[in-house]
Amino acid sequence: MTRRDDTSEALVPPRPADDAPALAAALERFATVTAVGAPGDVDVAYATTETPVGEVVLALTDRGLVRVAYTDFADGLDGVLERLARRVSPRVVHAPARLDAVRREIEEYFAGARTRFDVPLDWQLVDGFGRRILEATAAIPFGETSTYGAVAAAIGVPGGARAAGNALGANPLPIVVPCHRILAAGGRLGGYTGGTDRKEALLAVEGVLPGRLA
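Residues take numbers from 1 onward in each chain, read along the sequence in its written order. Only residues with pLDDT of at least 70 get local features here, since the model is predicted, and only at 80 or more are side-chain atom pairs given and counted; chain-wide, interface and lining totals rely on the full set of residues. Values shown for side chains rest on all heavy atoms present in the structure; no hydrogens or waters enter the calculation.

Attention now moves to unusual backbone geometry. Positioned with a positive phi, Ile175 is a non-glycine residue whose angle comes to about 75 degrees. Where helices and strands are cited, they refer to DSSP runs of H or I of at least four residues and of E of at least two residues respectively, numbered from the N terminus. Locating Ile175 in the fold gives a position in the loop between helix H6 (161-169) and strand S7 (182-183). Given the relative accessible area of 1%, Ile175 is considered buried. Exposed residues in this analysis have more than 50% of their type's maximum accessible area, buried residues have under 20%, and partly exposed residues fall in between, with area computed by a 1.4 Å probe over protein chains only.

Glancing now at the nonpolar core. Counting 43 residues, the largest nonpolar core has Leu65, Tyr109, Phe110, Ile133 and Ile175 as its most contacted members. Counting only elements with at least two residues in this core, the list comes to strand S2 (44-51), strand S3 (54-60), strand S4 (65-70), helix H3 (100-110), helix H4 (128-138), helix H5 (148-154), H6 and helix H7 (196-205). The element best represented in this core is H3, accounting for 4 residues. Between two residues, a contact is recorded if the distance between any of their heavy atoms is within 4.5 Å. Setting aside its immediate chain neighbours within four residues, Tyr109 contacts Arg114, Phe117, Phe142, Ile175, His180, Leu202, Val205 and Glu206. Only buried Ala, Val, Leu, Ile, Met, Phe, Trp, Tyr and Cys residues count toward a nonpolar core, and they belong to the same one when joined by side-chain atoms within 4.5 Å.

A separate point is the pattern of salt bridges. Oppositely charged side chains can pair when the atoms bearing their charge come close. Salt bridges are defined by distance alone: a side-chain nitrogen of Lys or Arg within 4 Å of a carboxyl oxygen of Asp or Glu. Under the definition given, this model contains 12 salt bridges. Measuring nitrogen to oxygen at the nearest pair gives 2.9 Å for the salt bridge that ties Asp43 to Arg91. Of the two residues, Asp43 is situated in the loop between helix H1 (20-32) and S2 and Arg91 in the loop between helix H2 (76-87) and strand S5 (92-94); the sequence distance between them amounts to 48 residues. Since its relative accessible area comes to 33%, Arg91 is described here as partly exposed.

On to H6, then. Among all positions in H6, only Ala164, Ala167 and Leu168 are buried. The buried residues of H6 all sit within an arc of 95 degrees when viewed along its axis, so they share a single face. Residues of H6 that are exposed and point more than 90 degrees away from the buried face comprise Arg162 and Asn166. Against the buried residues of H6 lie H4, H5 and S7. Working definition: the arc comes from the directions between the helix axis and the C-beta atoms, pointing outward to the latter.

Here it is, written out as structure tokens:
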């Protein structure tokens, strides 16, 4: 490893396999419903928050943070919520107050006041090899980096750099599980699901690269 120098809700029903009108109706509901439900009505609470690297959506279950996603990637917010409804629970609710602690940790990280996240994590969107890679990645300290090959070797899979890269590319918890700290061999930047500009910016926050966010 290399050390650096120096009140609304929206309930989303499950998506029928080939029912586009039903999906459109579901998306309209989570965009327009504005009554706060009882805690028992919520399996996944979500909120969006602005960061120096763009807007992200945060999703929380009773186990912990289950999803962090850049809203300008893939299918955007609608796509993130749809997949949460299909893979976690159809009871996905827009409940910003329930994400206050998570949003505060994100803000503190970008302000330079936090070097580790304390929010509990819900790993249910990843398992097997991918989860082992991400857990090893989560242990890399703020301001340090590793490589795809090294993180694969750390979980007992020498020669698994490519597979590690695929697992990191599917990270459901970017920023919090710091896949941006994993570089390609020779110190090259490598890829990043949110785009390499974001990877550079996150490394700059941690003092690994020159200050992109100053």
